[in-house]
Structure formats: C-alpha cells, structure tokens
Amino acid sequence: MERVLVTEGRTSFFAPVQDENAAFPPGSAPIFYNRRMEANRDATVLFCAAVRPSDYLDAMGATGVRGLRVANESGTPVTINDIDPGAAAEIRRNAGEGVEVTCGDANALMSTRRFDAVDLDPFGTPAPFVDAACRSARRYLCVTATDTAPLCGAHLKAGMRRYFARPMNTDYHSEVGLRILLGFVAREMVKYDRGIEPLFCFAREHFVRLHLRVRRGVRHADRTLGRIGYVMQCTNDIHREEAVGLIPPAAVCPGCGSSLRPIGPLWLGGVNDPDLIGQMAGLLPGMGFGTERYLSRLLPLLAEELPTSSYYDYHEVAKHLRASPPTMAVMLERLRAAGYGATRTHYAGTGVRTDAPADVVEAAVLGVNP
Ligand SMILES: C[S@@+](CC[C@H](N)C(=O)[O-])C[C@H]1O[C@@H](n2cnc3c(N)ncnc32)[C@H](O)[C@@H]1O
C-alpha cells in the first residue's frame, strides 16, 4: 500500500494514497481518508479543546486521524477503534505513546465500555451505532452522517427506514436533515432516562455534524422529549408552523386553507450553545487549522442564528412571486423594521431565519407593507 505523509492542524500522519479518479470517497484505497472532511475534524478538535472531555473514543478510526488530532491538539486521552484489522494496524503505526488502539465492532466496544466523549464517524448513516453510543457516552456525543439524501428527503424510503421519520424535500431541506438526525439521536437517548443538549451542530456540503452534551436523569430525558415534534409545511405555499409532540395534529394553512404536511418527528429546539461557540471562536486563532477561514465565518453565524426550526430561501420566495430579491441586508432590515427577529443562516447564503409569518416574509421580499 502506497502511503503519503499528510499534515492536518498540528498533526502529521500517514494516509494511503487515495484514488483521485474515484467518483466519491471511499474510493479504492484499502483504508479510508478524505481530505475534504478536514473541516469536520477541525471542528471536533476545537470542540474538544473547549469542553475538555476526560477521555474520548474515536469509534471508527480508519487512519486514526480524528482521534490522533484530538489527542495531539486538545490534550485529551483517546481510544481509537476500527473493525478492519488493516486500519487498526495503520492507526498503531500512526499513533504515538499514550493512544489506545482497539480493533473490533464499535457496537461491541461501546456496549462494554464507557467514555466521557464518544464520536461516531461511519460510512453513510450512523443509525446502527447510535443506541450503543448513547449507552457509552458519559458527557458528550459527536455524530457525523453523510447520508444527506435520505436525511433531507431526496431518498424518502431510506430516510424513513433509518430514522423512522418522514423528511420532505423543501427549500430548507439541509436543516430538516440535521433536525431529523438530532430527533433520532434524542429518541435513542431518552429510553435510557438521559437527555441531550445540542452544543455545536452544523451541515456542510455532504455531511451533517452533531456535538451534543448528554445529561443523566428522567428530568433531562423529559425535557429532551419535549423538544421533539414536527414542522407542519403547507403543501401549497411557504407557510410552515411547529407542532410539539409525538403525534402530528391535523392542520390547515391559515393563508390558503390547504392541508399542512408533517415533517418529522424531528428536533425543534436550539441546535447551538452561543456561549460555547463564543469560547470556541476565541480559541480558533491559536489552533493552526487548515480550515480556520471557514470556521471563523461559521462560528459567528451559528452563534447569531435565531432558534427557529426552519428558514426561508428568500430568493426562492422572490422567484415564486416573480420579483427581484433585495440584498440580504435589506431583507433583514425590512423584517426587523416590521418588528420580527431576522438573521442569516449557515445552511444557505440566501437563507433567512425569522419568526415572522409567511405573509410578512413575502411583503419583505416585495418591499411592501404586509
Ligand atoms: C468514514 S471511515 C472513518 C473516517 C475517519 N474517522 C476519518 O476522520 O478519517 C469509517 C470507518 O469505519 C470502519 N467501520 C465500519 N464498520 C465498523 C464497525 N462496525 N465498527 C467499527 N468500525 C467500523 C471502517 O473500517 C472505516 O475505516
């Protein structure tokens, strides 16, 4: 196997040379490494540097880069696991003193050992691993999903099978994907009388990434359950509303009278902790990350996003109204002047988060009074 020395952040390691012509990772190399996930790993190293877990499991290591970086760049004791003996051997080659390397099924490992932070970074869906991870994680749980098409509604049946939820391909589909994954993790967690608090969650390109705090006790489990529900989307126009609870209500659009279609169950609560995000933003300049520029834009956006469960792509709204969209600054200003909260969103450059109703959003696009 041909290897090449790679540096990410302040960590150097050997990775198998990947097939540049492969249509999509994992390609043909025997051990997986995808440079395009550097932002995902940088985010987690930064998260660990901020929350300082007492130990951390990289449950699916491949080259071990994620766990090695957490150990090296945040000073956290780590265990790195992979089911593939070839990968485990490669991780051992890459790992220095003090890093534990194990070779086995992540579900078996997580069923028998507990870690302060558990990290799932599988091929595609994390769904088969979330139950054991909920039992293994003491304080923090980190999850990557790269099966964005099932999560966001482009592959409806696969999404329903994996997450027992019904997505819908809307203009805010990236957010639906993140919230369906969060809702799934929340439901897997509460059965153990434990709850979750999302700390740092975002979507980028073809992945969704969650960093969660795990809270023990029935009170936290019940609070978590109280944040599960549905986005009720009008099938005819842009109106949508939230419905908390396990059973979606029958509802009609106040504007056009069409039925509202439930999207979910999904997570309706906040998805980021602005204080922690601020702490991470403060640490970022000293970290030496390759994706510092991207993260320095992402973190303030996440900290300011209104905690609504969907956003409007106002260019789509303008297209629908056969109007030219205003600039983002004007759009935000019009919504605020009408008395509503309005912020950008990290999901889309033309996305606006607001607590304004649909008719006010349309009026803001047109520049008229609602
Ligand atoms: C997407 S790669 C991990 C990438 C790595 N975390 C990184 O940041 O580069 C997924 C890895 O999971 C491993 N894997 C697949 N099924 C597994 C299981 N049941 N238990 C543990 N590892 C597994 C594969 O061998 C593969 O190396």
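Going by what an unreviewed UniProt entry lists, the chain is known as tRNA (guanine(26)-N(2))-dimethyltransferase and is assigned to Methanofollis fontis. Under Sequence similarities (unreviewed entry), UniProt gives the following word-for-word description of the chain: "Belongs to the class I-like SAM-binding methyltransferase superfamily. Trm1 family."

A. Broad picture of the environment of G290. You can see G290 is positioned in the loop between α10 (274-283) and α11 (292-304). We classify G290 as exposed; its relative accessible area is 59%. Spatially, the C-alpha atoms of G290 and E38 are 7.7 Å apart, while their sequence positions differ by 252 residues. Once residues within four sequence positions are removed from consideration, G290 is found in contact with E38 and D42.

B. The nonpolar core, seen in detail. Ranked by size, the top nonpolar core spans 50 residues in total, and within it M110, V118, L120, L141, L178 and L210 carry the most contacts. The greatest single-element share of this core, amounting to nine residues, is contributed by helix α8 (residues 173-190). In this structure L120 touches A59, M60, M110, P126, F129, V130, A133, C142, V143, T144 and R209, once residues within four positions along its chain are discounted. Membership of the second largest hydrophobic core comes to 42 residues, among which are A15, L46, V78 and I91.

C. Expanded view of the sheet that holds strand β13 (residues 312-313). Spatially, β13-β15-β14 is the arrangement adopted by the three strands of the open sheet, whose pairing is antiparallel. The sheet is open, and its two borders are formed by β13 and β14 (342-345), each paired with just one other strand. Relative to strand β15 (residues 348-354), β13 runs antiparallel, the two sharing two bridges. Paired with D313 across the two strands is G351, which belongs to β15.

The rules we used
Residues numbered from 1 in each chain as written. Predicted model: local features only at pLDDT ≥ 70, side-chain atom pairs only at ≥ 80, totals over all residues. Heavy atoms only, no water. UniProt positions renumbered as here; feature names shortened; annotations may be inferred. Helix = DSSP H or I, 4+ residues; strand = E, 2+ residues; numbered from the N terminus. Buried < 20%, exposed > 50% of the residue type's maximum accessible area, 1.4 Å probe, protein only. Contact = heavy atoms within 4.5 Å. Core = buried A, V, L, I, M, F, W, Y, C linked by side-chain atoms within 4.5 Å. Pairing = 2+ DSSP bridges.

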